[in-house]
Amino acid sequence: MKKLALCLALASALPAWAGKAHEHGAARLDVAVDGGTLTIVLDTPLDGLLGFERAPRSEAETRAADQAVATLRAADKLFAIDAAARCTPASVELLSAPLKLGAAAPAKDDGHGDLEGTFTFQCQAAPAFVDAGLFKAFPRLSRIDVQVATAKGQRKQVLKRPAQRIELPR
Ligand SMILES: [Zn+2]
């Protein structure tokens, strides 16, 4: 009974630490290798990509947003994957309410906004690493909290500028 109470307490505490953290300058990357598929999910406040978190209001902001979206859509340039694995980009899906990308949940009216990107690649072999080019592409980002899931299990890694290599145990 005591154990059950503890589990319930943990479950109810979950959203506090496992929910969507919104910390400017930080991003989350979930990297999963499953058979021949490599999936990378990016979750970041828009501030880290653009310096603002709402729909663009000027020509310069529109250009900045277009450029950020183009950078994210060029997944094979943004993520340099272990060449030995011979991975090719399969899909990029971007969700962001302020930028009207995808069927994202309506923008919160707290003045903040996020972007979620899902990048998939098809690989001939399991890659040993991915170099994430996010720090080069987005100067406002300073930290990436990475969670990796491969056949070897799960692990966490924190990338701090300028580090970019994510190891993928196999
Ligand atoms: Zn914000």
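Whatever comes next refers back to the structure up there.
Residues numbered from 1 in each chain as written. Predicted model: local features only at pLDDT ≥ 70, side-chain atom pairs only at ≥ 80, totals over all residues. Heavy atoms only, no water.

Draft legend 1. Main features of the pairing of strand E8 (residues 153-160). As judged from the 8 bridges shared by strand E7 (residues 143-150) and E8, these two strands associate in the antiparallel manner. Residue pairing for E8: Arg143 is matched across the bridge by Lys160. Connecting E7 to the next strand, E8, in antiparallel fashion are 2 residues. (Pairing = 2+ DSSP bridges. Helix = DSSP H or I, 4+ residues; strand = E, 2+ residues; numbered from the N terminus.)

Draft legend 2. Molecular detail of the coordination of the zinc ion. Surrounding the zinc ion are the protein donor atoms His22 (NE2), His24 (NE2), Glu53 (OE) and His112 (ND1), at 1.9 to 2.0 Å. Here the zinc ion is ringed by 4 donor atoms whose angles at the metal span 99 to 120°, and the overall shape comes out tetrahedral. Mapped onto the sequence, the donors of the zinc ion take the spacing H-x1-H-x28-E-x58-H. Here Glu53 is found in the loop between helix H2 (47-50) and helix H3 (59-73), whereas its partner His112 is found in the loop between strand E4 (87-95) and strand E5 (114-123), with 59 residues between them in sequence. Glu53 gets classed as buried once you look at its relative accessible area, which sits at 9%. Classification of His112 as partly exposed rests on a relative accessible area of 30%. (Donors = N, O, S within 2.8 Å, 3.2 Å for Na, K, Ca; no water. Tetrahedral: all angles 85-135°; square planar, octahedral: opposite > 155°, others 65-115°. Buried < 20%, exposed > 50% of the residue type's maximum accessible area, 1.4 Å probe, protein only.)

Draft legend 3. Quick look at the sheet that holds strand E3 (residues 79-81). Ordered by their spatial adjacency, 3 strands build an open sheet running E3-E6-E9, and the pairing between neighbours is antiparallel. Every other strand in the sheet has two partners, leaving E3 and strand E9 (165-167) as the edge strands with one partner each. Taking each pair of neighbouring strands and ignoring which way they run, the sheet shows an average axis angle of 25°. Sheet analysis places E3 next to strand E6 (residues 129-132), joined by 3 bridges and oriented antiparallel. Looking at the pairing, Phe79 lines up with Ala132 of E6. (Axes fitted to C-alpha atoms, helices over the stretch in contact; angles between N-to-C directions.)

Draft legend 4. Spotlight on unusual backbone geometry. With an omega dihedral of 5°, the bond running from Arg161 to Pro162 counts as a cis peptide bond. Counting through the fold element by element, Pro162 comes out in the loop between E8 and E9. For Arg86, which is not a glycine, the phi torsion comes out positive at approximately 45°. The residue Arg86 is located in the loop between E3 and E4 in this model. Take Arg86: its relative accessible area is 53%, and that puts it in the exposed class.

It is worth stressing that arrangement in space is one thing and function is another; only the former is reported here.
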